[in-house]
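# Structure assessment
One-letter residues, chain by chain:
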Amino acid sequence: MGLVPSSEEKEEFRKAVGAHIYEAMLQSGSLPDVGIERHLLDSPGLRPGPAARDCFRELRKHVDVRGPAYLKELMGKLAAFTEEPRLTGLLTLLVSMAIETAYASRRGGPPQGAVPEERLAQLRDLTEEYLKRHGMHLDDERKLREDTERLEGQVSLLLTQIKNAALADGLVNSRTLKHWVNGAAFHVQMLIHLARLGQQSDGPARAAIAAYREDLRELLLAYRKYKSATVRVCKRSELRLAEEDGGPEHSLAGYSVHDREVGGATDVPLPEDTPPACQHLDAAFCAEAYLDHLFANYPQITDAEAYFSHTLSSLPALIPQTGPPSPPPVRH
């Protein structure tokens, strides 16, 4: 066998080394955090339970003094609660967003290619404002509807601004993608909530989902480009005795992988049964193989793509259609 792998060998090695590096990065905790919050994916709003109002009041009473740790503790309680139609899924959704956005900015400064912090802070502030006003007008459906209509428009505009700013320089980092995808899920749920309050059609939610699916496709393309610049793979070699003359020679032992954005790194051994010719493929080939596997198999990415499709198919159950009123009977 020569030093140039066949097309079949190259493709098999691409799949094997991509999965191999992915598994090693997963085990070392070096995968990026970009997913929709679990409590949104679990659709807690479809679960029965009467106690959301009391939990909401408990949250407003204690959260200011007990901080983010209490929010996380309360999340487990809220996940099982709902109320028809005002609070269906909304409390868990709002607290999920508050946890993610209110404290993420305290972990460090924005990385290269980030959307201006001001816009992400505005998304956080709108979420918290909606949470506050929802508690203020819990017993007034007219006020709830007015607040939702007003803040929904602001969230929609802000998501458009974040997307356009991220795409303008062609760089979408993990933090921006996570904020945007959670914000888009939040906005769709606002539209669902608004339709339920006003007994309206699911048309606005359907239109938003269609737009966000296309936006997500564009953002993921830009995110892939960004990750190509942050992931580096280097070959690791070791000395061994040559079979021909018994002298020392360098042989490929595996790869060192580093994600500059995440800050994680790991060493990966050579996949088993690697054809000798494939050992001569450069490290950049292995980096792209890893990214291919990441974008095709990482649940935080694939679940984000599936979320909008699942929500779209669930709209008839989430927004029951009352239909037009029946005409009065004809009197003879």
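Values in this document were obtained by computation on a predicted structure and should not be read as measured data. (Residues numbered from 1 in each chain as written. Predicted model: local features only at pLDDT ≥ 70, side-chain atom pairs only at ≥ 80, totals over all residues. Heavy atoms only, no water.)

All right, on to the overall build of the protein chain then. The helix and strand tally for the protein chain stands at 10 helices and three strands. Seen in sequence order, the protein chain has helices and strands lined up from the N terminus as α-α-α-α-α-α-α-α-β-β-β-α-α. Expressed as a percentage of the 332 residues in the protein chain, the buried residues total 49%. Restricting the contact set of the protein chain to residue pairs at least 6 apart, pairs at least 24 apart contribute 77%. Accessible area of the protein chain: about 16500 Å², with a carbon and sulfur share of 52%. (Helix = DSSP H or I, 4+ residues; strand = E, 2+ residues; numbered from the N terminus. Buried < 20%, exposed > 50% of the residue type's maximum accessible area, 1.4 Å probe, protein only. Contact = heavy atoms within 4.5 Å. Areas by Shrake-Rupley, 256 points an atom, 1.4 Å probe, with all protein chains shown as cover.)

Moving on, we come to the pattern of salt bridges. This model, assessed by the stated rule, comprises 13 salt bridges. For D215, the salt bridge goes to K163, with nearest N and O atoms at 3.3 Å. Of this pair, D215 sits in helix α8 (residues 203-230) while K163 is found in helix α6 (residues 141-168), placing the two residues 52 residues apart along the sequence. Of the two residues examined, D215 and K163, each falls in the buried class. Linked by salt bridges that have partners in common, E11, R14, R224, E288 and D292 make up one network. (Salt bridge = Lys/Arg side-chain N within 4 Å of Asp/Glu carboxyl O.)

Before going further, it helps to examine the packing of α8 against helix α10 (residues 299-318). It is the contact of α8 with α10, at a shortest axis distance of 10 Å, that shows an interaxial angle of 170°. Comparing their axes, α10 and α8 come out roughly antiparallel. Each of A205, R206, I209, Y212, R213, L216, L220 and Y223 in α8 lies in contact with α10, whose residues at this interface are I301, A304, E305, F308, S309, T311, L312, L315 and P316. Class assignment of the residues belonging to the contact of α8 with α10 gives a composition of 12 nonpolar, two polar and three charged. (Axes fitted to C-alpha atoms, helices over the stretch in contact; angles between N-to-C directions. Parallel < 35°, antiparallel > 145°, perpendicular 65-115°, else oblique. Nonpolar A, V, L, I, M, F, W, Y, C, P; charged D, E, K, R; others polar.)

Here we take up the nonpolar core. In terms of nonpolar packing, the biggest core is built from 67 residues, with I21, W180, Y290 and F308 touching the most fellow members. When residues of this core are assigned to their parent elements, the largest contribution, 11 residues, is made by helix α7 (residues 174-198). Residues in contact with I21, not counting those within four places in the same chain, are V233, V257, V268, C286 and Y290. (Core = buried A, V, L, I, M, F, W, Y, C linked by side-chain atoms within 4.5 Å.)

One pass over the structure, following the stated rule, counts six aromatic pairs. Joined through ring pairs, the aromatic side chains of W180, Y212, Y307 and F308 make up one cluster. For the cation-ring pair, R224 lies above F295, with the distance from its terminal atom to the ring centre recorded as 5.7 Å. (Phe/Tyr/Trp six-rings, centres within 6.5 Å; stacked < 30°, edge-to-face > 60°. Lys NZ or Arg CZ within 6 Å of the ring centre and 35° of its normal.)

Turning next to unusual backbone geometry. For D273, which is not a glycine, the phi torsion comes out positive at approximately 60°. Within the secondary structure, D273 is located in the loop between β3 (264-269) and α9 (283-297). By relative accessible area, which is 76% here, D273 ends up exposed.

The end-to-end C-alpha distance of α10, which contains 20 residues, comes to just 24 Å, noticeably less than the 28 Å that a straight helix rising 1.5 Å per residue would cover. L312 marks the point of greatest bend in α10, at about 35°, and the proline P316 comes within the next four residues. Considered for burial, the residues of α10 that qualify are I301, A304, Y307, F308, T311, S314, L315 and L318. (Expected span 1.5 Å × (residues − 1). Bend = angle between axes of the 7 residues up to and from the residue.)

Attention shifts here to the state of the cysteines. One pass over the structure, following the stated rule, counts zero disulfides. No disulfide involves C278; its nearest neighbouring cysteine sulfur is the one of C286, lying 9.3 Å away. Judged by its relative accessible area of 0%, C278 falls in the buried class. (Disulfide = S-S within 2.5 Å.)

This next bit is on the confidence of the model for the protein chain. Confidence in the prediction of the protein chain, expressed as mean pLDDT, is 75, and 67% of residues score 70 or more. Looking across the protein chain, the model is least confident in helix α4 (residues 90-104), with a mean pLDDT of 44, and most confident in α9, with 97. Scored below 50 in pLDDT, residues 43-93 makes 93 contacts in the model with residues more than four places away or belonging to other chains. Within the model, pLDDT remains below 50 along residues 324-329, and this stretch shows zero contacts once partners closer than five positions in the same chain are excluded. (pLDDT = per-residue confidence, 0-100.)

One way to put it is that α8 packs onto α9 with a least axis distance of 11 Å and a crossing angle of 145°. You can see that α8 and α9 cross each other, and the crossing is right-handed. Residues L220, Y223, R224, K227 and S228 of α8 form the contact with α9, whose own contacting residues are E288, L291, D292 and F295. Residues of the contact of α8 with α9, tallied by class, amount to four nonpolar, one polar and four charged. (Left-handed = near helix turned anticlockwise from the far one by under 90°.)

Its place among the elements puts A184 in helix α7. A184 gets classed as buried once you look at its relative accessible area, which sits at 0%. Here the alpha-carbon distance between A184 and L159, two residues 25 residues apart in the chain, equals 7.0 Å. Each residue touching A184, except ones within four places of it in the same chain, is listed here: L159, Y212 and F308.

Next up on the list: the side chain of E9. Here E9 shows up in helix α1 (residues 7-27). Here S6 takes part through its backbone nitrogen, which lies 3.1 Å from a polar atom of the side chain of E9. (Polar contact = N/O pair within 3.5 Å; in protein donor to acceptor, adjacent residues only side chain to side chain.)

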